[in-house]
Amino acid sequence: RKAISITGCLDGQTSGDIGRGGIFTHSMLLAIAELQVEGEDQYSVGKLYNKTLSKDNDVFDSQQDICLQCSPGFLPNQMAWPLVPKQQYSSPLGLRSMS
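All of the points below concern the structure found in this document. (Residues numbered from 1 in each chain as written. Predicted model: local features only at pLDDT ≥ 70, side-chain atom pairs only at ≥ 80, totals over all residues. Heavy atoms only, no water.)

### Digging into the overall build of the chain
Rules: For helices the rule is a DSSP run of H or I covering at least 4 residues; for strands it is a run of E covering at least 2, with both sets numbered from the N terminus onward. Note on method: radius of gyration uses C-alpha positions; expected globular size equals 2.2 Å times residues raised to 0.38. Between buried and exposed lies partly exposed: a residue is buried under 20% and exposed over 50% of the maximum accessible area for its type, with that area taken using a 1.4 Å probe on protein chains only. Whether two residues are in contact is decided by their heavy atoms, any of which lying within 4.5 Å being enough. In this tally, Asp and Glu contribute negative charge and Lys and Arg positive charge; neither His nor the terminal groups of the chain are included. A single reference atom marks each charge: NZ on Lys, CZ on Arg, CG on Asp, CD on Glu.
Scanning the chain from terminus to terminus reveals 2 helices and 2 strands. The linear arrangement of helices and strands in the chain, starting from the amino end, is β-α-α-β. Compactness check: the chain gives a C-alpha radius of gyration of 14 Å against a globular reference of 13 Å for 99 residues, within 12% of the reference. C-alpha extents for the chain along the principal axes are approximately 40 × 35 × 20 Å. The buried share of the chain, taken over its 99 residues, is 35%. Across the chain, contacts joining residues at least 24 apart in sequence account for 74% of those joining residues at least 6 apart. The averaged location of the 10 negative side-chain charges in the chain is 8 Å from the averaged location of its 8 positive side-chain charges.

### Thoughts on the side chain of serine 91
Among the structural elements, serine 91 can be located in the segment after strand S2 (67-70). Among the residues examined, serine 91 registers a relative accessible area of 2% and is labelled buried.

### Observations regarding the nonpolar core
Applicable threshold: For our purposes a nonpolar core is just a set of buried Ala, Val, Leu, Ile, Met, Phe, Trp, Tyr and Cys residues, chained together by side-chain atoms within 4.5 Å.
Counting residues in each nonpolar core, the largest one holds 12 residues, listed as Phe24, Met28, Ala31, Ile32, Leu35, Tyr43, Val45, Leu48, Tyr49, Ile66, Trp81 and Val84. Within the residue set of this core, elements represented by two or more residues are helix H1 (23-37) and helix H2 (45-60). The leading source of residues in this core is H1, at 5 residues. In this structure, alanine 31 is in contact with Leu48, Lys51, Thr52 and Lys55, ignoring residues within four places of it in sequence. With 5 residues, the next largest nonpolar core counts Leu30, Val59, Phe60 and Leu93 among its residues.

### Structural notes on the side chain of serine 44
By the element assignment, serine 44 lies in the loop between H1 and H2. The buried category is assigned to serine 44, whose relative accessible area is 15%. When sequence neighbours within four positions are dropped, the list of residues in contact with serine 44 reads Pro76, Asn77, Met79, Ala80 and Trp81.

### Points about the environment of proline 72
By the secondary structure assignment, proline 72 is in the segment after S2. Look at proline 72 and you get exposed, because its relative accessible area is 81%. Put simply, proline 72 and lysine 2 are 70 residues apart on the chain and 8.1 Å apart in space, counted from C-alpha to C-alpha.

Read these as layout, nothing more, since geometry by itself doesn't imply function.
Now the structure itself:
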């Protein structure tokens, strides 16, 4: 079976919250919005994960470790991200230009 898991932090950590949702969630939503601005309408889980890490570092500088795990023999660039917006998308925090 082919499976990928992305989590907001390690087991021994607590996910950060900004008062309007989690840091991982907002990092991913900012990444999705930026990929759309870059003209990406199809991308892999790996590409979104890397962009999510970048947003976490650039915007939140959080101490939590966003993690990705794949089933054996399967790589994150081998699975398409299934939830690509089909229309214009702005992340909830993107409206405040936090990039």
